[in-house]
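Residue-level structural notes
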Amino acid sequence: MSDVSAVLDDLRAESDELDQLVGDLGEASWALDTPAVGWTIAHQIAHLAWTDRAALLAVTDADAFAAHAAVALKSPDTFVDDGAREGAAVPPGELLARWRAGREALRGALRAAPAGARFPWYGPPMSAASVATARIMETWAHGQDVADTLGVRRAPTDRLRHVARIGVRARNYAYAVRGLTPPAEEFRVELRAPGGDVWTYGPEEAAQRVTGPALDFCLLATRRAHRDDLALHAEGPDADQWLTIAQAFAGPPGEGRASAKGAEEGGA
């Protein structure tokens, strides 16, 4: 459980950092549009609260989660937006309280989970550590939308290792969700961590390689920034293609972010 506890500690820290951004917002600010089309700050927090509740069901009541998933998957293209819209309709104070209570309940349930337990999800079952890691990734990504909306520059932390790991492990999924065949060979990924270390994935001798800052890779894999605006380098055609489609989250890729560099050049 020590590894799970460490991940849960990182989840708490990531959630608390986002809470500091929204905890004192006035009601009007909750209605600000974020870079995700159609989503306000309220939608972002409502989505996190909704997913925390779904994860809590999965961890504590598999039958109830199965019933929930059956309903949700009847509308696979809209159930995420539907959940965010429903949550965003409640007063900001109530929404904030729901998110705080839900994420605390989920962390408690994950800490109490038996070693080796696996829990149902919309895709393959997940371990407690995997559930917590996925929540870190989503909290960080949606927190980036909130930070961008408020004009806040967040200092990257080594908690990004969780996001980066999912992004690397989801390589084949990024191809599959677009109807493409993943490359047969593994890639080498070398990312410069905020603290100065280098996080490495894949065989050292691989011909297809991706290098650059961990922050940039996480922004790319969560589709929070356009590749042209990031300092990522690909060696090999397959690695180059991956950087155009990388995706750490489940579901359709969406349109992604427009290039800020391209907008500046277009307006020059």
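The structure reproduced in this document is the subject of the present report. (Residues numbered from 1 in each chain as written. Predicted model: local features only at pLDDT ≥ 70, side-chain atom pairs only at ≥ 80, totals over all residues. Heavy atoms only, no water.)

**What to know about the overall build of the protein**
In terms of helices and strands, the protein carries eleven helices and six strands. The C-alpha radius of gyration computed for the protein amounts to 19 Å, which stays within 12% of the reference 18 Å derived for 268 residues, consistent with globular compactness. Overall, the protein is about 50 × 50 × 40 Å in size when its C-alpha atoms are taken along their principal axes. Taken over 268 residues, the protein has a buried fraction of 47%. When the accessible surface of the protein is totalled, it reaches about 12900 Å², and 52% of it is carbon and sulfur. Of the charged side chains in the protein, 27 are positive and 38 negative, and the gap between their average positions amounts to 3 Å. (Helix = DSSP H or I, 4+ residues; strand = E, 2+ residues; numbered from the N terminus. Rg over C-alpha atoms; globule rule 2.2 N^0.38 Å. Buried < 20%, exposed > 50% of the residue type's maximum accessible area, 1.4 Å probe, protein only. Areas by Shrake-Rupley, 256 points an atom, 1.4 Å probe, with all protein chains shown as cover. Lys, Arg positive; Asp, Glu negative; His and termini not counted. Charge placed at Lys NZ, Arg CZ, Asp CG, Glu CD.)

**Observations concerning unusual backbone geometry**
Although it is not a glycine, R223 adopts a positive phi angle of roughly 60°. Turning to its location among the elements, R223 is positioned in the loop between α9 (214–221) and β6 (233–235).

**Some details on the sheet that holds β6**
Strand order across the open sheet formed by four strands is β4-β3-β5-β6, with mixed pairing between neighbours. One side of each edge strand has no neighbouring strand; the edge strands of this open sheet are β4 (198–201) and β6. Neighbour-to-neighbour, the strand axes of the sheet open up by a mean angle of 10°, direction not taken into account. Relative to β6, strand β5 (residues 209–213) runs antiparallel, the two being bridged by three bridges. Its bridge partner being in β6, V210 is matched across the sheet by A234. Each of β3 (188–192), β4 and β5 is contacted by α9, which is oriented at about 110° to β5, the strand it contacts most. (Pairing = 2+ DSSP bridges. Axes fitted to C-alpha atoms, helices over the stretch in contact; angles between N-to-C directions. Contact = heavy atoms within 4.5 Å.)

**Quick notes on the side chain of T34**
One can find T34 in the loop between α1 (2–22) and α2 (41–60). When its relative accessible area of 9% is taken as the criterion, T34 is described as buried. One polar contact links the side chain of T34 to the main-chain carbonyl oxygen of W39, over a distance of 2.7 Å. A distance of 3.0 Å separates the side chain of T34 from the side chain of Q44, its partner in a polar contact. (Polar contact = N/O pair within 3.5 Å; in protein donor to acceptor, adjacent residues only side chain to side chain.)

**Here's the deal with the packing of α2 against helix α4 (residues 79–88)**
The geometry of α2 relative to α4 is characterised by a closest axis approach of 7 Å and an angle of 110° between their N-to-C directions. Classified by the angle their axes make, α2 and α4 are roughly perpendicular. Seen from above, α2 lies across α4 with right-handed handedness. Contacts from A42, H43, A46, H47 and W50 in α2 reach F79, V80, G83, A84, R85, G87 and A88 in α4. (Parallel < 35°, antiparallel > 145°, perpendicular 65-115°, else oblique. Left-handed = near helix turned anticlockwise from the far one by under 90°.)

**Overview of the packing of aromatic side chains**
For the structure on display, the rule yields eight aromatic pairs. Measuring from ring centre to ring centre gives 5.8 Å for W50 and F79, while their planes differ by 45°; the resulting arrangement is tilted. Within this pair, whereas W50 is found in helix α2, its partner F79 is found in helix α4, the two being separated by 29 residues in sequence. Summarising the burial analysis for this pair, W50 and F79 share the class buried. Clustering of aromatic rings is evident, with ring pairs tying together W50, F65, F79, W121 and Y122. The ring of W99 has R103 sitting right over it, with the charged end atom 4.1 Å from the ring centre. When the ring centre of F187 is taken as reference, the NZ or CZ atom of R171 above it lies at 4.3 Å. (Phe/Tyr/Trp six-rings, centres within 6.5 Å; stacked < 30°, edge-to-face > 60°. Lys NZ or Arg CZ within 6 Å of the ring centre and 35° of its normal.)

**Observations concerning the nonpolar core**
With 34 residues, the main nonpolar core has F217 and W242 as its most contacted residues. Those elements that place two or more of their residues in this core are α6 (128–150), α7 (160–169), α8 (171–176), β3, β4, α9 and α10 (237–245). Excluding anything up to four places from it in sequence, F217 contacts A164, G167, V168, L191, L232 and W242. (Core = buried A, V, L, I, M, F, W, Y, C linked by side-chain atoms within 4.5 Å.)

**Some remarks on α4**
Along an α-helix, residues three or four positions apart point the same way, because every turn accommodates 3.6 residues. Taken together, the buried positions of α4 are occupied by F79, G83, A84, G87 and A88. Those residues of α4 hidden inside the fold are in contact with α2, α3 (62–72) and α5 (92–112).

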